[in-house]
Amino acid sequence: MADVPIVVGINRTQDGSLAVAVGESGMYGLQKDRATRRKGHWGRLGDLPDSYLPALPQLKEPVDLVVESYSCDSEMEHASAYHGEMRETLSLRRGAPVALISHHLAHLYGAFYPSPFGHAAGLVIDAQGSRVRDFTERVELPPGTDGELLEVASFYRCARGRIECVAKQLWDGDWARPAGLGAFYALLTSALWPGEGDEEKVMGLAAYGDADALGLPDLDVRGHEVHIPAAWMEAFGAATGYEPGGEEFRRAANLAAAGQRAFERALTRLAGWLHDRTALDALVFAGGAALNVPANGRLLRESPFREVFVPPSPHAGGTAIGCALYGLITCLGVESRFRWTDDFLGPDPDAGAVEAAVRALPDGLYAERPGDLVEEVAALLASGRVVGLHQGRGESGPRGLGHRSILADPRRPGMRDYVNREVKGREWFRPLAPVVPADQAGRYFAIDRPAPFRQYAALVRPAYRELLPAVTHADGTAALQTAERGTTPFLYALLAAWQRRTGVPVLVNTSLSGPGEPLAETPEHAVELLRTTGLHALAMPPYLIRRRDEPPLDT
């Protein structure tokens with residue numbers, strides 16, 4: 001490797017992750033769950049030698065700097081053990097320091113510096129970040145502010161070379177009196193589903209409810225702070241959880257709809273406050289709240305910002321990239337040229353691993369090497385088959401965007417049910433996303449800009465809703481992805497072949513994962529998904545892997 005600075009960023013909290021910045025523009029990112037197969041897996045001791053080093057050869061190069069980020073959980077108590085593990089695992093240059101940055105600052109660096117903007121307002125919202133005593137950024141707080149308080153929302157004025165935090169909402173962490181948008185949505189989610197990580201279920205369910213049915217109020221927004229009215233706490237306490245049918249389903253859907261609307265309205269008001277404070281035209285938005293694609297669509301339509309950028313990994317898993325960029329830019333003084341043009345930051349592909357996976361195919365699967373793989377996949381899709389796609393470097397964020405994807409025909413009314421039931425193993429109401437060439441997106445969807453990372457929900461134009469039933473959600477929207485030849489050439493070519501066959505340049509594109517799983521990282525993961533779910537085939541260039549005994553086609 002050329003003699004360029006190498007900075008390692010590590011997220012030690014929820015959605016544990018690691019990133020490696022290589023010189024001015026190189027970037028690798030890997031979320032821990034891709035290796036362990038436990039979705040949302042938290043950072044822990046052992047991650048470096050067990051999960052990251054085997055996957056990323058860049059970690060064997062001399063490292064100039066390590067930057068870590070923790071949140072408010074107890075992992076920071078193990079910092080000395082983590083540092084010992086670093087010294088044993090990495091080839092640290094003599095005197096290479098280990099820096100620490102607080103959670104929301106890591107979110108911001110991963111959003112603003114790789115964004116297309118020179119100046120922007122910055123907004124970070126999640127359930128809870130770092131404690132005041134652990135802040136590594138300057139922010140004016142009232143004298144005597146308790147060091148144990150947690151950041152739940154942070155507001156910034158950003159320019160390249162200068163980041164200014166203009167305000168933070170703080171919370172004492174007592175769930176008996178929660179505060180902030182992140183805590184609100186966490187409570188909404190847990191009222192419907194126990195455990196963590198079910199926010200996307202709430203977003204999908206909300207479209208089937210009546211937001212007015214329960215008579216719940218808007219959230220209490222005071223400047224840059226969001227507070228939760230007592231009526232909401234009572235509703236959460238009375239909720240009986242999601243049930244799949246009947247009156248219980250209707251009650252759950254109504255609660256989801258009311259909560260989603262309250263979240264969107266409060267978020268739009270926060271954006272308005274930040275715009276008044278900064279007078280800037282562009283906004284970068286990160287933190288777990290930025291995964292809410294219906295709310296992001298509303299920001300685009302209704303906020304005073306002319307441009308809104310959400311990175312492909314705005315959640316805690318993306319903070320490792322923010323750590324690496326902080327180290328490169330702020331600690332080493334190197335101007336980063338890395339930009340979010342795509343999200344394919346995973347390990348470099350290994351042709352030998354593909355060949356090995358093909359040689360080791362289990363009974364019931366066989367591989368072909370078509371002369372024209374694109375046309376062969378298009379033909380399978382046109383016949384009603386559901387095809388996985390595994391190619392190149394994997395996505396660093398939570399969404400499959402063309403390298404770890406499941407593709408299907410959006411024109412088939414039963415296709416959403418088939419994919420949700422037989423492949424993804426999830427609730428019937430979960431929407432499927434469309435992918436469309438960027439230069440044709442405006443014809444089918446009410447959007448006037450590229451959306452390469454599936455960050456925004458947009459209306460499906462009424463004339464095409466009956467044509468695209470598998471990707472049109474109950475409220476008439478779709479969380480679309482736009483494709484361009486330069487960033488996703490195989491997917492772009494497939495869309496062109498599909499349009500030649502069907503006249504429609506739109507495909508279903510959902511993440512290549514099975515029930516409760518993260519994205520399939522390796523060829524072996526993808527083959528196992530084909531073997532154990534209702535997928536009909538797997539494209540793994542140059543191979544097409546088929547099943548000898550196919551599942552029935554959706555009718």
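Here, the structure is the one placed above.
Since the structure is predicted, the reported quantities are computational estimates derived from the model, not experimental observations.

K.L.:
What is the right way to read the packing of aromatic side chains from this model?
P.N.:
Given two aromatic rings, their pairing is described by the distance between the two centres and the angle made by the two planes. Scanning all chains against the criterion turns up 22 aromatic pairs. Aromatic pair Y109 and Y326: ring centres 5.1 Å apart, planes at 75°, arrangement edge-to-face. With a gap of 217 residues between them, Y109 in helix α4 (residues 103-112) and Y326 in helix α10 (residues 319-331) connect regions that are remote in the sequence. Note on accessibility: Y109 and Y326 belong to one class, buried. Between Y208 and W428, the ring centres sit 5.1 Å apart and the planes meet at 75°, which makes this aromatic pair edge-to-face. Taken together, the residues Y208 in the loop between α6 (199-206) and β11 (220-222) and W428 in the loop between α13 (415-424) and β18 (434-437) connect sequence positions 220 residues apart. For Y208, a relative accessible area of 26% gives the class partly exposed. A network of ring pairs unites the aromatic residues W193, Y208, Y242, F249, W428 and F429 as a single cluster. Over the aromatic face of F112 sits the side chain of R160, whose NZ or CZ is 5.1 Å from the ring centroid. Positioned over the ring face of F135 is K168, at 4.8 Å from the centre of the ring.

K.L.:
Would you mind showing me how to read the environment of H83 here?
P.N.:
Examined against the element boundaries, H83 turns out to sit in helix α3 (residues 79-89). A sequence separation of 17 residues divides H83 from L100, and the C-alpha atoms of the two residues are 12 Å apart. Contacts of H83, omitting those with residues within four sequence positions, involve E68 and V98.

K.L.:
Teacher, can you tell me more about the sheet that holds strand β17 (residues 404-408) here?
P.N.:
Strands in a sheet are paired, the pairing made by backbone hydrogen bonds, and the direction either parallel or antiparallel. If you trace the eight strands from one edge of the open sheet to the other, you get β15-β24-β23-β16-β17-β22-β18-β21, paired in mixed fashion. Pairing within the sheet leaves two strands with one partner each, and these edge strands are β15 (365-368) and β21 (481-483). Recorded for the sheet is a direction-independent mean angle of 30° between the axes of neighbouring strands. One ladder, built from four bridges, connects strand β16 (residues 387-390) with β17; its direction is antiparallel. From the neighbouring strand, G388 faces β17, where its bridge partner is I406. Packed on one face of the sheet, helix α15 (residues 489-502) meets β16, β17, β18, β21 and β22 (507-511) and runs near 85° to β18.

K.L.:
Just to check I follow, could you spell out unusual backbone geometry for this structure?
P.N.:
The general pattern is negative phi for most residues beyond glycine and trans for most peptide bonds. At the junction of P541 and P542, the peptide bond is cis and its omega measures out at 5° in the coordinates. Looking at the secondary structure, you find P542 in the loop between β23 (537-540) and β24 (543-547). Even without glycine at this site, R37 takes up a positive phi of about 65°. Positive phi, normally seen in glycine, also occurs at R454, with a value near 55°. Mapped onto the elements of the fold, R454 is located in the loop between α14 (441-444) and β19 (458-459).

K.L.:
What is the right way to look at the environment of D276 in this model?
P.N.:
On the secondary structure map, D276 appears in helix α8 (residues 246-278). Considering only alpha carbons, one finds D276 and P304, 28 residues apart in sequence, at a separation of 9.0 Å.

Definitions and limits used
Residues numbered from 1 in each chain as written. Predicted model: local features only at pLDDT ≥ 70, side-chain atom pairs only at ≥ 80, totals over all residues. Heavy atoms only, no water. Phe/Tyr/Trp six-rings, centres within 6.5 Å; stacked < 30°, edge-to-face > 60°. Helix = DSSP H or I, 4+ residues; strand = E, 2+ residues; numbered from the N terminus. Buried < 20%, exposed > 50% of the residue type's maximum accessible area, 1.4 Å probe, protein only. Lys NZ or Arg CZ within 6 Å of the ring centre and 35° of its normal. Contact = heavy atoms within 4.5 Å. Pairing = 2+ DSSP bridges. Axes fitted to C-alpha atoms, helices over the stretch in contact; angles between N-to-C directions.

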